[in-house]
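What follows is the residue order along each chain.
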Number of protein chains: 2
Amino acid sequence: MQVAIVGCGQLARMLALAGLPMGMRFSFLALPGESTAPVDGLGRVVVATPDLEPTALYEQLGQPQRVTAEKEQLPIALLRGLAPYTEVHPNPEAIYQCQHRLREKATLEACQVPFTPYRAIHEERDLWAAGEALGWPLLLKHTQEGYDGKAQWRLTDEAAARQWLQGPAAGTLGPASGQWLAEPIMPFEREVSLLAVRGREGHITFYDPAQNRHRQGILVSSLAPAPDLPAGLLPQMQAALQRLQTHLDYVGVLAMECFIKGDQWWVNELAPRVHNSGHWSQQTTAASQFENHLRAVAGWPLGDTELQGAAAMLNLLGVPVDQHTMLADGASLNWYNKTVRPDRKVGHIVLRGPALDEVRGKLNKLQSKIYGPDF
Amino acid sequence: MQVAIVGCGQLARMLALAGLPMGMRFSFLALPGESTAPVDGLGRVVVATPDLEPTALYEQLGQPQRVTAEKEQLPIALLRGLAPYTEVHPNPEAIYQCQHRLREKATLEACQVPFTPYRAIHEERDLWAAGEALGWPLLLKHTQEGYDGKAQWRLTDEAAARQWLQGPAAGTLGPASGQWLAEPIMPFEREVSLLAVRGREGHITFYDPAQNRHRQGILVSSLAPAPDLPAGLLPQMQAALQRLQTHLDYVGVLAMECFIKGDQWWVNELAPRVHNSGHWSQQTTAASQFENHLRAVAGWPLGDTELQGAAAMLNLLGVPVDQHTMLADGASLNWYNKTVRPDRKVGHIVLRGPALDEVRGKLNKLQSKIYGPDF
C-alpha cells in the first residue's frame, strides 16, 4: 500500500519506519521551507508549491491509496483537494477543527468535554472584557500558530496588555479577526495526555495515559502509566476522547493533553496526529502509536496497545547524538537525523521496566547524565 | 555511523530498519545476481563485480565505519580486502570458519561443543567407509552450498549412493576435494536454536532459546522460550555458545541450531549472522537480534534481550501479503518487499502473549488460517 504523509519531520520518519515492515511504501509532502532530512531515503519527497494542482500533486506523490498528516498546521485546502482522489485520514474536516484553537474549543464544548475557559479576542475591548471575566494575569495565545510554548504571551496586568496590543497584536485585530484567544492561568498540578487510535470501522483502542514534564513550554519527558490518577478519572477521560473521535469521524491517533488538579481534569489541547507524549509506545508495546495510526489509516486490524510494566520517554533537546550514553542501561534510542540546534527536538530515548518507580528512577538518572543535575 | 552490509536480502532489510533509529546510515553490497528489492530505498546499493578493488569498494560503499554481513556464503576475500580500511564484524576469519561445514565441525570440536558425527567425503572410498562407520542411510551435504534443506541428499543404501556418485557428485571428487560430508540420520526429537550477541568488549547476552518447526527443510515457525527443556541443558548450551564466540573473537549475533533427544543435545549447525529463528525478538524484546547485532558491531552498549511471557514467529512462505489476516489478533507483520514465489520466504509474523500455551494456540490457529489445516 502506497501512503503519502504530509510533512517531513520526525513524526513522518517514525511513521514510515513503522509502516515499511507492514508492506507499506511512502511518499512525503514537504511544506514550503521544511527540512526533509528526517525522511531522507524513506520515500519520494514532493515539495508543495502554491501552483500545484491536486491532480498533479496526487500523481507526484505516486498515486497513494492513503494520505495522512504528521502536523495539524497545514493548508487544509491541500487535503481537501486530495480527498476526491484518495482516502485522507484523519479526514480534513477533523484536522480543520483541531488546527484552530477557537474551533477546537467549540468541538470540545459540542462533545461535552471539559476545557480551559477562554475568551476570543477579536478587538481591543474583548481583551479588557476577558481581564474582567477571567481575571489577570491572562495567557494570550495565537489561535493557529504556536507549539512548544511559542506564540503565547503571559499578560500580568492591564499595562502588559497595552504593550501586547502595540506589539504582537498590532495590525491583527478587527471584527471576527479570529487570531487570538485569552485564557486564565490555570492552577493545574500536572499534565497527563491520553492517546486513542480509532480504526476505519469505528473501533477505538487506548494507550496508557502518560504524565508529562515540560521545561519552558517544551516537553522533556513522559512517564506511563501516569502515576496515582484519582479513581474514576481515566474512564472519564477515555469516554471524552471516544466522544471526540466519534464526533469527528476520526480515523487514526488523536492525542488529548489534559491538566489535572485534585480530581478535576480538563483538556488543554488536542493534536490530530501521533504525539510526542506517546513515543514511549515504540519499544514497549506490540504496536506503537505510529504502527497503529497506519493500521487505522489503512483499514487494517489494530494492534495491541498494552503496556506491560512501565515506560518512560526522554526527549533529546539540542544535544549531539552519543550512543554510548544514550543506549546504556537497556535504553532504546530514536534519532531523527536532524541538524542539532539549541533546544531542537533531535531524538528521544525510551526506557522500560517492570515497575513505575524503577523506570522513574532510570529516567531521572538519564536526564541528569544528559542535561546535568540543574536542568 | 555509516554501516555497510554485505547482502541485500531480508536480513539486511531488517538490520537497516533496526539501525536507522539509532542514528546509523546504511549501504549494501549486492552479490552478483542478487535481488536488491528488500533494501530498496534504505541506502546505496553497490553491486560486487570481480574486478572491484577493495579501495574502490570501500569508497563506493561510502567509506563505512563498519562492515557486517547478512549471509555466510560470500567471497571471504571481499571481507578480508575491506578489513584494512574499516572494522569488519564478525571478523572475516570467524565467518570463514562457519561458511564451510568441515571447518565448522573442526571449530565445534576445538571448543568441545557436541555435534552430529560426520565423515568428510573427498573420494568414492570415503563414502563406502562412511556407510560402514555411520551406517545407512546417510545424509550427504555439500560443505558450502545449501540452506533451507537444499544441497542435501538422503542416501538410503549403497545403490542410492552409486546414483549420487554419478549424479550430484560427478566430477567433484578427488583428494582433498572438501566439497562433501556425510552424516548419519540422527534420531532427534526436536530442534532448538540459541542466539547470543557478543559486544566488541567481549560481553555476551543470550536470547531465550527457540523451538523450531520445519517443513521440507524450510523453517516454518519458532516458539520461545523453547518449552520443557530438560534441567541443566540450557546452561550447557549457553556455555558452549559462549566458548564458540570467545574462541572466534566474534562480535555480533551468532546462531547455534541444536538437535535434542531426551537430555542429549548436539549442534546441527552454526550461522554467523542474525537468524530466522530469532525473528520473534523483533516485537517482543526491547532490543531485537537486529538491533543488538548492530549495537555490538558499532561497539555500543548492548540492549535488553529479556522476553516477558512468550513469543512465536510464523514464516510467510510463498503467500501474498494480506494484512487483514496477517495483522489480526494482535499479530505483528514483517514483510520483505520481495516478489512472491512458491515456498520463498517473503515475510513473517510475530505473536506474543503472557503464556507459552496461549501463544502456541495462536500460532497454530494462524498457521491453519494462512496455509490451511493440512500444511
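Reading the values: the criteria
- Residues numbered from 1 in each chain as written.
- Chains lettered and ligands numbered in written order.
- Predicted model: local features only at pLDDT ≥ 70, side-chain atom pairs only at ≥ 80, totals over all residues.
- Helix = DSSP H or I, 4+ residues; strand = E, 2+ residues; numbered from the N terminus.
- Rg over C-alpha atoms; globule rule 2.2 N^0.38 Å.
- Buried ≥ 20, exposed ≤ 12 C-beta atoms within 10 Å, placed from the backbone.
- Domains from an automatic or database assignment.
- Contact = placed C-beta atoms within 7 Å.
- Least-squares fit on C-alpha atoms with pLDDT ≥ 70 in both.
- Nonpolar A, V, L, I, M, F, W, Y, C, P; charged D, E, K, R; others polar.
- Pairing = 2+ DSSP bridges.
- Core = buried A, V, L, I, M, F, W, Y, C linked by C-beta atoms within 7 Å.
- pLDDT = per-residue confidence, 0-100.
- Axes fitted to C-alpha atoms, helices over the stretch in contact; angles between N-to-C directions.
- Parallel < 35°, antiparallel > 145°, perpendicular 65-115°, else oblique.

**Student:** What exactly am I supposed to notice about the overall build of chain A here?
**Tutor:** From N to C terminus, chain A includes eleven helices and 18 strands. Rg of the C-alpha trace for chain A: 21 Å, near the compact-globule value of 21 Å for 375 residues, within the 12% margin. In terms of overall dimensions, chain A has a C-alpha envelope of 55 × 55 × 40 Å along the principal axes. In chain A, buried positions account for 47% of the 375 residues.

**Student:** Help me understand the domain arrangement of chain A, please; the structure alone is not making it clear to me.
**Tutor:** Think of interface size as the accessible area that goes away when the parts come together; that is how it is often given. All names here are of chain A. Along its sequence, chain A is organised into domain 1 (2-88), domain 2 (117-184) and domain 3 (190-371). Of note, the centres of domain 1 and domain 3, computed from C-alpha atoms alone, are 23 Å apart. Between domain 1 and domain 3, the residue contacts involve 20 residues of the former and 18 residues of the latter. Mapped onto the side of domain 1 that touches domain 3, the elements with two or more residues apiece are α1 (10-19) and β4 (66-69).

**Student:** Would you take a moment to explain the relation of the copies chain A and chain B for this structure?
**Tutor:** Think of it as a corkscrew move, a rotation about one axis and a shift along it, taking one chain copy to the other. Overlaying chain A on chain B yields an RMSD of 0.1 Å, the required transformation being a rotation through 180 degrees with an accompanying axial translation of 0.0 Å. Read as a symmetry element, the transformation amounts to a two-fold axis. Across chain A, the rotation axis passes nearest the C-alpha of Gly41 of chain A, at a separation of 2.8 Å. Of all interface residues in chain A, 100% are interface residues in chain B too; the two copies therefore contact each other through one and the same surface.

**Student:** Please clarify how the interface of chain A and chain B should be interpreted in this entry.
**Tutor:** Tallying the contact residues gives 29 residues for chain A and 29 residues for chain B. At the level of elements, α9 (289-298), α10 (323-326) and β17 (332-335) of chain A are the ones that each hand at least two residues to the side of chain A that touches chain B. Examining the composition of the side of chain A that touches chain B, we find that four residues originate from one element, β17 of chain A, more than from any other. Classifying every residue of the side of chain A that touches chain B gives 15 nonpolar, eleven polar and three charged.

**Student:** Mind showing me how you'd approach the pairing of strand β7 (residues 138-142) of chain A here?
**Tutor:** Residues and elements named next belong to chain A. Taken together, the four bridges between β7 and strand β8 (residues 152-155) define a ladder with antiparallel strand orientation. Note on β8: the bridge partner recorded for Leu139 is Arg154. Two elements, β7 and strand β9 (residues 180-184), share five bridges in a ladder whose sense is antiparallel. If you follow Leu140 over to β9, its bridge partner there is Ala182.

**Student:** Looking at this structure, I do not really get the nonpolar core. What am I missing?
**Tutor:** One recurring pattern in soluble globular proteins: nonpolar side chains tend to sit buried together. Ranked by internal contacts, the top residues of the largest apolar core, which has 178 residues, are Leu15 of chain A together with Leu15 of chain B. Every residue in contact with Leu15 of chain A, bar those within four places of it in the chain, is listed here: Ile5, Glu70, Val274, Phe290, His293 and Leu294 of chain A.

**Student:** Is there a simple way to think about the environment of Ser221 of chain B in this case?
**Tutor:** Residues and elements named next belong to chain B. Summarising the element assignment, Ser221 is placed in strand β13 (residues 218-224). For Ser221, a count of 24 C-beta atoms within 10 Å translates into the label buried. With ten residues separating them along the chain, Ser221 and Gln211 place their C-alpha atoms 8.2 Å apart.

**Student:** When you look at the confidence of the model for chain A in this model, what are you seeing that I'm missing?
**Tutor:** Residues with a pLDDT of 70 or more make up 99% of chain A, whose mean pLDDT is 95. Two numbers describe this predicted complex: its pTM, 0.95, and its ipTM, 0.93.

**Student:** Would you explain the packing of α1 of chain A against α9 of chain A in this entry?
**Tutor:** A pair of packed helices is captured by two measures, namely the crossing angle of their axes and the spacing between those axes. All names here are of chain A. Contact geometry of α1 with α9 gives a least axis separation of 8 Å together with a crossing angle of 75 degrees. Between α1 and α9, the angle is such that the two are roughly perpendicular. Contacts from Met14, Leu15, Ala18 and Gly19 of α1 reach α9 at Phe290, Glu291, His293 and Leu294. Classifying every residue of the contact of α1 with α9 gives five nonpolar, two polar and one charged.

**Student:** Even after reading the chapter, I still don't get the sheet that holds strand β1 (residues 2-6) of chain B, so can you show me in this structure?
**Tutor:** Within a sheet, neighbouring strands are paired by backbone hydrogen bonds and run either parallel or antiparallel to one another. Residues and elements named next belong to chain B. The parallel open sheet is built from five strands, whose spatial order is β3-β2-β1-β4-β5. Among the strands making up the open sheet, the edge pair consists of β3 (44-47) and β5 (87-88). Judged from the four bridges that link them, β1 and strand β4 (residues 66-69) form a sheet pairing that is parallel. Bridged to Val6 within β4 is Ala69.

**Student:** Would you explain helix α1 (residues 10-19) of chain B in this entry?
**Tutor:** Every α-helical turn comprises 3.6 residues, leaving residues that sit three or four positions apart pointing alike. Burial within α1 of chain B is extensive, with ten of its ten residues counted as buried. What α1 of chain B keeps buried is the set Gln10, Leu11, Ala12, Arg13, Met14, Leu15, Ala16, Leu17, Ala18 and Gly19 of chain B. The elements touched by buried residues of α1 of chain B are α1 of chain A together with β1, β2 (25-30), α9 (289-298), β17 (332-335) and β18 (345-353) of chain B.

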